[in-house]
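Structural overview
Here are the chains, one letter per residue:
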Amino acid sequence: MAARTFLGTLRLAILVAVLLFVALGAWLDRARSRDWNDTLRVTVYPLSATTDTGVRAYTAALQAGDFADVESFFVDAASSHGVTLEQPVRIRVSHVARELPPALPDRPGSLTIALWSLRLRYFAARTAWNDPLPAPDIQVFALYSPLGPGSVAMPDSVGLSKGLIALTHLYGNAAAAGSNQVVLVHEVLHTLGATDKYDFATGQPLAPAGLGEPDRQPLYPQVFGEIMAGRIATSARDAVIADSLEQMLVGPATALEIGWPP
Ligand SMILES: [Zn+2]
């Protein structure tokens, strides 16, 4: 009896130690990812979400060079906010992931979301272990679907701020490369603590935080969009989807959230 109690206590102590270790690790990762002293290493794992041969071929052929605009977006945006780091983000593409990450629960509740996020973290950790290259700071699972007339509505992409993992739904077609990169940067910024700056009901960018140039006169139409708003506001009630990162900026509110100097 005494031995069992001792073992029970020991087991509990080990469990608490493991949990503390994981929590401390997550906190350190997050603090380190937002100090902007070193280049953030982002690995993109392209995965085909369909059996479509065109999408499969497109996904299999993706390389780091296909995401060069993401790297230059971070260079321009960071330097405009006073970050002196020469290369804030470096993208690497890994084809090591073979299966799709766990899908979001059909009926999301706080418990199902918590369990799903644990499963996603386990999936991400296993993927990193299977990769011969060093584990990245941020993992992006990019799920590609066919681009077609009826395929405008995509499932929501998710960026987990605890765990530095993003799940993005993109189009497996070169014509969508620009808008895909907008989605990818948006989700990477979520993992660094940035919040959405659009109205969830309408998709309309929030003013002023969701506008590329909140001081513009007249205010509308905006020429640039704010990356966490996702769209460019053409009026107080209308907005268009950005075709490329060249149309997007990081506004002061997002910059503050991800640790860039005010
Ligand atoms: Zn978002």
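For the structure, check the block above.
Residues numbered from 1 in each chain as written. Predicted model: local features only at pLDDT ≥ 70, side-chain atom pairs only at ≥ 80, totals over all residues. Heavy atoms only, no water.

**Describing the coordination of the zinc ion**
Octahedral metals with six donors have ideal donor angles of 90 or 180 degrees. Tetrahedral metals with four donors have an ideal donor angle of 109.5 degrees. Of the protein atoms, only His186 (NE2), His190 (NE2) and Asp196 (OD) coordinate the zinc ion, at distances of 2.0 to 2.1 Å. Sequence positions of the donors to the zinc ion reduce to the motif H-x3-H-x5-D. On the accessibility criterion, Asp196 (23% relative accessible area) is partly exposed. (Donors = N, O, S within 2.8 Å, 3.2 Å for Na, K, Ca; no water. Buried < 20%, exposed > 50% of the residue type's maximum accessible area, 1.4 Å probe, protein only.)

**A closer look at the pattern of salt bridges**
Evaluation of the coordinates by the stated rule reveals 5 salt bridges. Salt-bridge contacts for Asp137 lead to Arg41; the nearest nitrogen and oxygen are separated by 3.4 Å. With Asp137 in the loop between α4 (110-130) and β3 (138-145) and Arg41 in strand β1 (residues 40-48), the pair connects residues that are 96 residues apart, well separated along the chain. Arg41 sits in the partly exposed class, given a relative accessible area of 29%. Here Arg92 makes a salt bridge to Asp131, at a shortest N to O gap of 3.3 Å. With Arg92 in strand β2 (residues 89-93) and Asp131 in the loop between α4 and β3, this pair connects stretches of sequence that are 39 residues apart. Residue Arg92 is classed as partly exposed on the basis of its relative accessible area, which comes to 23%. Taking the relative accessible area as the measure of exposure, Asp131 reaches 9% and is therefore buried. (Salt bridge = Lys/Arg side-chain N within 4 Å of Asp/Glu carboxyl O. Helix = DSSP H or I, 4+ residues; strand = E, 2+ residues; numbered from the N terminus.)

**Details of α4**
Residue pairs spaced three or four apart in an α-helix point in one direction, given the helix's 3.6 residues per turn. Helix length check: α4, at 21 residues, gives a terminal C-alpha distance of 30 Å against a target of 30 Å (1.5 Å per residue), a fit within 8%. Listed in full, the buried residues belonging to α4 are Trp116, Ser117, Leu120, Phe123, Ala124, Thr127 and Ala128. Around the axis of α4, the buried residues are gathered within 135° of arc, so they sit on the same side. Opposite its buried face, α4 presents the exposed residues Leu111, Leu118, Arg119, Tyr122 and Trp129, each directed more than 90 degrees away. (Expected span 1.5 Å × (residues − 1). Arc of directions from axis to C-beta.)

The quantities given are spatial measurements derived from coordinates; they are silent on function.
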